[in-house]
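A look at the structure
Letter by letter, the chains look like this.
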Amino acid sequence: MRRPDHVPAGEWGTAIVFCKPCKKTTTEPNGEKKDETFFVLRTYMVFNVDQVLGADVDRFRVGHEPIGAAEIDERFEQAEMAVAATGADIRFGGNEAFYRPAGDYIQMPPRAQWASSSDYCEALLHELCHWTEHESRLDWDRTKAENSYALGELIAELGACFLAGELGLPLDQSLGNHAAYLQSWLTAMKADTRFIFRASSQASKAADFILSFSRKEEPEVVEEAAIII
């Protein structure tokens, strides 16, 4: 995603402010407890379709026709091509999907065992995000105390969602499963306010790294200056 060349720097996107009231209980010198209310403000930059360049953005327009079965199949094929471009060692067999750090490979059940292409691709993208943890790639060291198992799983699940969105894969059928999975880890780490921000940041890095193998750089457009004589 990049800004159109005709939009001046600093004037692209739309800034929105999230405001949430929070309560805090303090103890007065005399021992009396007092409730205080304060507001948390966060600013986010969002974009509408007309502010984004790309060949696949029209599907986000209101009223855009749903994609047909043939196009969905083509997108799954493109997603598998993007996975293949990474050169990851993916082995098939057994009944479990996992990434084995010691051998640096991904294990997947045979394609025929999956209920749908969506389930298969989402599981593969999840494990591929774990694959980026290797020291030769993003070097996300699991031996560090702060890099917990829960955080690693949340990163992989968020990364799979980011990748599915970038690759144009339909998520509507399994979005509830993603939400339930993410919520389970968020509940487990509810006390850590930085948890979701750390997870989303690393998930974004993982998704970008995976897509970097198959992304084609857009040719730079050079505008010719008019010469007035």
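Please refer to the structure higher up on the page.
Being a predicted model, the structure only gives us computed values, none of them experimental.

Reading across from one edge, S3-S5-S4 is the order of the 3 strands in this open sheet, with mixed pairing throughout. Each edge of the open sheet carries a strand with a single partner, namely strand S3 (90-92) and strand S4 (98-100). Going from strand to strand, the sheet's axes swing by 30° on average, the running direction of each strand aside. Pairing analysis gives 3 bridges linking S4 to strand S5 (residues 105-108), with the strands arranged antiparallel. Among the inter-strand pairings, Tyr99 is bridged to a residue of S5, identified as Ile106. Along the sheet, helix H2 (residues 117-131) contacts S3, S4 and S5; its crossing angle with S5, the most-contacted strand, is approximately 160°.

The subject of this paragraph is the pairing of S5. Residues Tyr105 and Gln107 of S5 are buried on one face, and the alternating residues Ile106 and Met108, pointing to the opposite face, are buried as well. By the bridge criterion, 3 bridges tie S3 to S5 in an arrangement that is parallel. Opposite Ile90, over in S5, you have Ile106 as the bridge partner. Taking the residues that link successive antiparallel strands as the turn, the S4-S5 hairpin has 4 residues, and the phi of Asp104 there is positive, at about 55°.

Moving on, we get to the packing of helix H3 (residues 149-166) against helix H5 (residues 195-211). Closest axis-to-axis distance for the H3/H5 pair is 8 Å, and the angle between their directions is 50°. If you check the angle between H3 and H5, you find them oblique. Taken as a pair, H3 and H5 cross one another with a handedness that is right-handed. Together, Ala150, Leu151, Leu154, Ile155, Leu158, Gly159, Phe162, Leu163 and Glu166 of H3 and Phe195, Ile196, Arg198, Ala199, Ser200, Gln202, Ala203, Ser204, Ala207, Ile210 and Leu211 of H5 make up the contact between the two elements.

Analysis parameters
- Residues numbered from 1 in each chain as written.
- Predicted model: local features only at pLDDT ≥ 70, side-chain atom pairs only at ≥ 80, totals over all residues.
- Heavy atoms only, no water.
- Pairing = 2+ DSSP bridges.
- Helix = DSSP H or I, 4+ residues; strand = E, 2+ residues; numbered from the N terminus.
- Axes fitted to C-alpha atoms, helices over the stretch in contact; angles between N-to-C directions.
- Contact = heavy atoms within 4.5 Å.
- Buried < 20%, exposed > 50% of the residue type's maximum accessible area, 1.4 Å probe, protein only.
- Parallel < 35°, antiparallel > 145°, perpendicular 65-115°, else oblique.
- Left-handed = near helix turned anticlockwise from the far one by under 90°.

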